[in-house]
Amino acid sequence: MTMDKAGLKVPATARILAIANQKGGVGKTTTAINLATALAAIGQRVLIIDIDPQGNASTGLGIERDDREKNVYGVLMGETPIRAAIHKSKIPLLDLVPSTADLSGAELELIELPRRSHRLYDVVSELRADYDYILVDCPPSLNLLTLNAMVAVHAVIVPLQCEFFALEGLSMLIKTIERVRATLNPGLEIQGVVLTMFDRRNNLSLQVAQDVRDFLGDKVYRTVIPRNVRVSEAPSHGKPVLIYDHRCAGSQAYIRLASEVIRRERHLNAA
């Protein structure tokens, strides 16, 4: 174990986490980039690997599409060494392996390659000593790209929008995680579920939050991410909301979430 600038224990090698939900529009990428920014702000070395063909994490960190010649598609296809695809963001200690639209056809190409489910695992293994946290931003589907992420990571963080069908989608994701654990990655676990787009004035948000907590108990983070206009505006400026407006309610929530993630990691490493 080593100590960061805040005096917190951190892993000697990277803790690798997937940000995943097969449903779109739940705040998955927003959670990935803002959690990563909050971790970097407290002295953690962080890498985001964007394996979503939409490339929103790359855009949200200000990486222009013309600057993504070396990207995760080339890495997965074995054409680009992963270190060559790492881009420095404008945020100290936060790096990114960007995505491009080429990734949308990768699933068909991966089927023909050896170790098709372990392509990401094989390359991420090279980086374990370089970072404290590696976050993998997954596509909004349970496809071969998401499977690669789940094979490569230690645990999954699940952003969950407070809406009517939230538990139904969560049940599907949990079944997928259980299948991957049984066949490909025995150590895979859910690090936590984060409730997003939460509106205290909305009875449905309150009911969904309670239902999820009843279902998963302590797996649900205490921190909830509120519905906040500044969070929605930030990606259009190529910035995480913590940089765009660090005082807004959304930014403060992501700072609390980062602290909670680290506390859970400390507990896991002490166990």
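Definitions and cut-offs
Residues numbered from 1 in each chain as written. Predicted model: local features only at pLDDT ≥ 70, side-chain atom pairs only at ≥ 80, totals over all residues. Heavy atoms only, no water. Core = buried A, V, L, I, M, F, W, Y, C linked by side-chain atoms within 4.5 Å. Buried < 20%, exposed > 50% of the residue type's maximum accessible area, 1.4 Å probe, protein only. Helix = DSSP H or I, 4+ residues; strand = E, 2+ residues; numbered from the N terminus. Contact = heavy atoms within 4.5 Å. Pairing = 2+ DSSP bridges. Right-handed = clockwise from strand over helix to strand, strands pointing away. Polar contact = N/O pair within 3.5 Å; in protein donor to acceptor, adjacent residues only side chain to side chain. 1 Å grid on protein atoms, 1.4 Å probe; cavity = no way out; pocket = protein on both sides within 12 Å on 5 of 7 lines; lining within 4 Å. Points joined across faces, edges and corners; volume = space filled by probe spheres on them. Nonpolar A, V, L, I, M, F, W, Y, C, P; charged D, E, K, R; others polar. Axes fitted to C-alpha atoms, helices over the stretch in contact; angles between N-to-C directions. Parallel < 35°, antiparallel > 145°, perpendicular 65-115°, else oblique. Left-handed = near helix turned anticlockwise from the far one by under 90°.

Participant: Which parts of the structure should I look at to understand the nonpolar core?
Facilitator: Within soluble globular proteins, side chains that are nonpolar generally end up buried alongside one another. The biggest cluster of nonpolar side chains holds 53 residues, and the ones touching the most others in it are Ile49, Ile51, Leu120, Ile134, Val136 and Val193. If one sorts the elements of this core by residue count, helix H7 (residues 166-183) sits on top with six residues. Each residue touching valine 193, except ones within four places of it in the same chain, is listed here: Val158, Leu160, Leu170, Val212, Leu216, Lys219, Val220 and Tyr221. Counting 35 residues, the second largest nonpolar core, distinct from the first, contains Ala57, Ala155, Ile225 and Val231.

Participant: Quick question: what am I supposed to make of the pairing of strand S9 (residues 189-198) here?
Facilitator: The side chains of a regular strand alternate between both faces of the sheet. With respect to burial, S9 is a largely interior element, eight of its ten residues being buried. Across three bridges, S9 lies against strand S10 (residues 220-226) in parallel orientation. Looking across to S10, one finds that leucine 195 is bridged to valine 224. As a crossover connection, the stretch from S9 through helix H8 (residues 203-216) into S10 is right-handed.

Participant: Explain the pairing of strand S6 (residues 94-97) here, please?
Facilitator: The two faces of S6 match: Leu94 and Leu96 on one face and Asp95 and Val97 on the other face are all buried. Direction of pairing for strand S4 (residues 46-50) relative to S6: parallel, over a ladder of four bridges. By the bridge assignment for S6, isoleucine 49 is matched with valine 97. Two strands pair when backbone bridges link them, and strand S5 (residues 87-88) and S6 are joined in this way by two bridges, in the antiparallel orientation. Its bridge partner lying in S6, lysine 88 is registered against aspartate 95.

Participant: Honestly, helix H6 (residues 144-152) in this entry has me stumped. Any pointers?
Facilitator: A turn of α-helix holds 3.6 residues, and therefore any two residues three or four places apart point the same way. Judged by how many residues are buried, H6 sits mostly within the fold: eight of nine residues are covered. Taken together, the buried positions of H6 are Leu144, Leu145, Thr146, Asn148, Ala149, Met150, Val151 and Ala152. Buried residues along H6 sit against strand S3 (15-19), helix H3 (72-76), helix H4 (106-111), helix H5 (119-124), strand S7 (133-137) and H7. You can read the cap of H6 off the contacts: a side-chain oxygen lies 3.1 Å from the backbone nitrogen of leucine 145, and it is on asparagine 143.

Participant: Explain the layout of surface pockets here, please?
Facilitator: The probe, sized like a water molecule, is rolled over the atoms to show the empty space still left. The volume enclosed by the largest pocket comes to roughly 470 Å³. If you list the elements that add at least two residues to the lining of the largest pocket, you get helix H1 (28-41), helix H2 (56-60), S9, S10 and helix H9 (229-233). A per-element tally of the lining of the largest pocket places H1 first, with four residues. When the residues that make up the lining of the largest pocket are grouped by side-chain class, the tally is nine nonpolar, twelve polar and four charged. Taken as a whole, the second largest pocket spans an internal volume of roughly 210 Å³.

Participant: What is the right way to look at empty space enclosed by the protein in this model?
Facilitator: All chains considered together, the criterion is met by one cavity of 30 Å³ or more. Taken together, Asn21, Lys23, Val26, Leu160, Gln161, Glu163, Phe165, Ala166, Gly169 and Leu170 form the lining of the largest cavity. Of all elements in the fold, only strand S8 (155-161) and H7 reach the threshold of two or more residues within the lining of the largest cavity. Top element by residues in the lining of the largest cavity is H7. It accounts for three residues. A class-by-class count of the residues in the lining of the largest cavity yields five nonpolar, three polar and two charged.

Participant: Any chance you could explain the side chain of asparagine 34 here in plain terms?
Facilitator: Position of asparagine 34 relative to the elements: it lies in helix H1. Here leucine 242 takes part through its backbone nitrogen, which lies 3.5 Å from a polar atom of the side chain of asparagine 34. With sequence-adjacent residues up to four places away left out, asparagine 34 is seen in contact with Pro240, Val241, Leu242 and Tyr254.

Participant: Would you explain the packing of H7 against H8 in this entry?
Facilitator: Two quantities define a packed helix pair, namely the angle between the helix axes and the distance between the axes. Direction vectors running N to C along H7 and H8 enclose 30°, while the axes themselves pass 10 Å from each other. With respect to each other, H7 and H8 are oriented roughly parallel. In this structure, H7 crosses over H8, and the sense of that crossing is right-handed. Within the contact between the two elements, H7 uses Ala166, Leu167, Leu170, Ser171 and Ile174 and H8 uses Val208, Asp211, Val212, Phe215 and Leu216. Here the contact of H7 with H8 is built from residues that sort into eight nonpolar, one polar and one charged.

Participant: What am I meant to see in the sheet that holds S5 here?
Facilitator: The strands making up a sheet associate through hydrogen bonds between their backbones, and the pairing can be parallel or antiparallel. Spatial strand order, S5-S6-S4-S7-S3-S8-S9-S10: eight strands in an open sheet with mixed pairing. Of all the strands in the sheet, the pair left with one neighbour each is S5 and S10. Against the sheet, H1 engages S3, S4, S6, S7, S8 and S9, with an angle of about 165° to S7. Strands in contact with H7 are S8 and S9; relative to S8, the strand with the most contacts, it is inclined by about 170°.

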